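These are the residues of each chain, in order.
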Amino acid sequence: MRATIEELPKLTANFARPARTRVFKGGRGSGKTRGLAKRSALRIYQLAEMGVEGVFLASREHLNSLDESSMEEIKASIRSEPWLADYFDIGEKYIRTRNRRISYAFAGLRHNLDSIKSKARIIGNWTDEAESVSEIAWRKLIPTLREEGPGWHVENWISYNPESPDSATHKRFVLNRPEDCIVTNINWSDNPWFPRVLDKERRDDQRKRPETYEHVWNGAFLTMTDAQIFNGKFVVDDFEPDEEWDGPYHGGDFGFSQDPAAAVRCWIGHDPYARDGMGPEGYGDNCLWIEYEAGKIALELDDYATFIGDRIPDFAKYVARWDSAQPGMISHIKRHGLPRTEAVEKWPGSVEDGIAFVRNFDRVIIHSRCTETAREHRLYSYKVDPRSQDVLPLVVDKHNHYIDAIRYALAPMIKASLKTGWVLTR
């Protein structure tokens, strides 16, 4: 059969040439995620019609549940084309061809890949949000992508918004580009269907947040400047809590409209791990450790306990401090599975005091599974004057949902530090 598909021109150009690895990188609003979701369905259709059987992997480094996967994006893309919708069987927790030859598998590369590759033949992979994927995860995935047959071979697709030139993804696939790899830069200006509502937000960022505009919208690396509040203060690293640490401390920020509900678990303590080149104390004697995060847009209050509990072990067993702006929401989640919830005490200047408190730690160590927390620590910024480019002592109220949750978790210590002068004198 023949069908006409509307597609981003840059995607069409990439797929017009044969390749084993296809990389799509760029800023927000480019349409690359929706475009690759539809392309994955087209690829599966083509292979299934050739008689190929197996699974097409839709992966990320860490994947705790289908809610965090690309499943809904893929479903929407398939349903947008009636003939594709007729070809696929779509259930609540699965997507497969009606002839049962190929199905999607949704996996975290760190922990779920082994179980999938032991049960099925992987005939393709698409890793979305790949900026934070570690070299360990890539080394685990690449050898599994080896299937081929008459007229086809397995392809590896990678999409991400660049942040650091030192990321494992950039080093492996761009800086040291393998043979048979096509890299495509794609941004909002390459999207013929760029939404007006996003364009309004883009222009607003261009005027008011020039320090992060090029990164967010044009796919530039996030250049750390004096405007970035936690510049030089945090690292991303795997760890296990030490028995001598204080905590755990739990905090949460309610979601509103398009803002995610966010919750975290953190600890305070010394670094028990020796690391090359860092001296016997490692990261320091007094560190903040962010162990777990949980977050979702449009999370119903009735679902907070289950959703967070699936991602942060034993969350309900500990005191958790939440934004006190909505007392009714505090009361609701206390009655629906989070009985130890408390409203955090706020005061004038509490945001700035929280920033000062966190910056006084020797280092903030964010576990690699906490991808959104790490992202916010990169983007959280002071305002910059658009004319003089001076950094202003005003915090941009953006990229702060998980950071606010951390601040609420630490609120009693922050408040106590104001009385002792620890924040100013330590």
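S.K.: Any chance you could explain the overall build of the protein chain here in plain terms?
M.R.: Broken down by element type, the protein chain carries 16 helices and 19 strands. The C-alpha radius of gyration computed for the protein chain amounts to 23 Å, which stays within 12% of the reference 22 Å derived for 426 residues, consistent with globular compactness. Considering only C-alpha atoms, the protein chain reaches an extent of 75 × 50 × 45 Å along its principal axes. Taken over 426 residues, the protein chain has a buried fraction of 52%. Summarising the internal contacts of the protein chain: among those between residues at least 6 apart in sequence, 71% fall at separations of at least 24. With an accessible surface of roughly 20,300 Å², the protein chain has 47% of that area assigned to carbon and sulfur atoms.

S.K.: In this structure, what is going on with the confidence of the model for the protein chain? I would like to understand it.
M.R.: Interpretation of the predicted coordinates at a detailed level should be avoided for regions scoring low in pLDDT. When pLDDT is averaged along the protein chain, the result is 90; 96% of the residues meet or exceed 70. Model confidence for the protein chain, summarised as mean pLDDT per element, is weakest for helix H16 (residues 422-425) at 42 and strongest for strand E1 (residues 21-25) at 98.

S.K.: Explanation requested: the pairing of strand E6 (residues 122-127) in the structure shown.
M.R.: Residues in a regular strand point their side chains to alternate faces of the sheet. Of all six residues in E6, six are buried, a share of seventy percent or more. The pairing of strand E2 (residues 54-60) with E6 spans five bridges and is parallel. By the bridge assignment for E6, alanine 58 is matched with tryptophan 126. Alignment of E6 against strand E9 (residues 156-160), held across three bridges, turns out to be parallel. Across the sheet, the residue bridging to asparagine 125 is asparagine 156, located in E9.

S.K.: What am I meant to see in the side chain of glutamate 61 here?
M.R.: Checked against the element boundaries, glutamate 61 lands in the loop between E2 and helix H3 (71-79). Dropping the residues within four chain positions of it, glutamate 61 is found in contact with Gly108, Leu109, Arg110, Ser132, Val133, Ser134 and Ala137.

S.K.: Help me understand the packing of helix H8 (residues 196-208) against helix H9 (residues 210-218), please; the structure alone is not making it clear to me.
M.R.: Two quantities define a packed helix pair, namely the angle between the helix axes and the distance between the axes. It is at 6 Å that the axes of H8 and H9 come closest, and there the two elements cross at 140°. Relative to H9, the element H8 lies oblique. Across the interface between the two elements, Leu198, Glu201, Arg202, Asp205, Gln206, Arg207 and Lys208 from H8 touch Pro210, Glu211, Tyr213, Val216 and Trp217 from H9. The class makeup of the residues in the contact of H8 with H9 is five nonpolar, one polar and six charged.

S.K.: Would you mind showing me how to read the packing of aromatic side chains here?
M.R.: Here a ring pair, both rings aromatic, is described through the centre-centre distance and the interplanar angle of the planes. What the rule picks out here adds up to 21 aromatic pairs. Each ring, one from tyrosine 45 and one from tyrosine 87, has its centre 4.6 Å from the other, and the planes form 70°; the classification is edge-to-face. You can see tyrosine 45 sitting in helix H2 (residues 32-49) and its partner tyrosine 87 sitting in helix H4 (residues 82-87), a full 42 residues away along the chain. Accessibility assignment for this pair places tyrosine 45 and tyrosine 87 in one class, buried. Arranged with centres 5.4 Å apart and planes meeting at 45°, the rings of tryptophan 188 and phenylalanine 194 form a pair that is tilted. Through pairs of rings, three or more aromatic residues link up here, namely Phe15, Phe24, Tyr45, Phe56, Trp83, Tyr87, Phe88, Tyr104, Phe106 and Trp157. One cation-aromatic arrangement involves arginine 202 over tryptophan 188; the distance from NZ or CZ to the ring centre is 3.8 Å. The residue whose ring lies beneath arginine 369 is tyrosine 292, and the NZ or CZ to ring-centre distance is 4.2 Å.

S.K.: Can you help me understand the pattern of salt bridges in this one?
M.R.: Side chains that differ in sign of charge can pair as their charged atoms come close. Summed over all chains, the structure comprises 25 salt bridges. A salt bridge links glutamate 129 to arginine 60, with the nearest nitrogen and oxygen atoms 3.2 Å apart. Of the two residues, glutamate 129 sits in the loop between E6 and helix H6 (135-141) while arginine 60 sits in strand E2, which places them 69 residues apart along the sequence. Overall, the relative accessible area of 44% leaves glutamate 129 in the partly exposed class. The salt bridge partner of arginine 202 is aspartate 199, with a shortest N-O separation of 2.9 Å. You can see arginine 202 and its partner aspartate 199 sitting in helix H8, three residues apart, about one turn around the helix.

So, how was this worked out
- Residues numbered from 1 in each chain as written.
- Predicted model: local features only at pLDDT ≥ 70, side-chain atom pairs only at ≥ 80, totals over all residues.
- Heavy atoms only, no water.
- Helix = DSSP H or I, 4+ residues; strand = E, 2+ residues; numbered from the N terminus.
- Rg over C-alpha atoms; globule rule 2.2 N^0.38 Å.
- Buried < 20%, exposed > 50% of the residue type's maximum accessible area, 1.4 Å probe, protein only.
- Contact = heavy atoms within 4.5 Å.
- Areas by Shrake-Rupley, 256 points an atom, 1.4 Å probe, with all protein chains shown as cover.
- pLDDT = per-residue confidence, 0-100.
- Pairing = 2+ DSSP bridges.
- Axes fitted to C-alpha atoms, helices over the stretch in contact; angles between N-to-C directions.
- Parallel < 35°, antiparallel > 145°, perpendicular 65-115°, else oblique.
- Nonpolar A, V, L, I, M, F, W, Y, C, P; charged D, E, K, R; others polar.
- Phe/Tyr/Trp six-rings, centres within 6.5 Å; stacked < 30°, edge-to-face > 60°.
- Lys NZ or Arg CZ within 6 Å of the ring centre and 35° of its normal.
- Salt bridge = Lys/Arg side-chain N within 4 Å of Asp/Glu carboxyl O.

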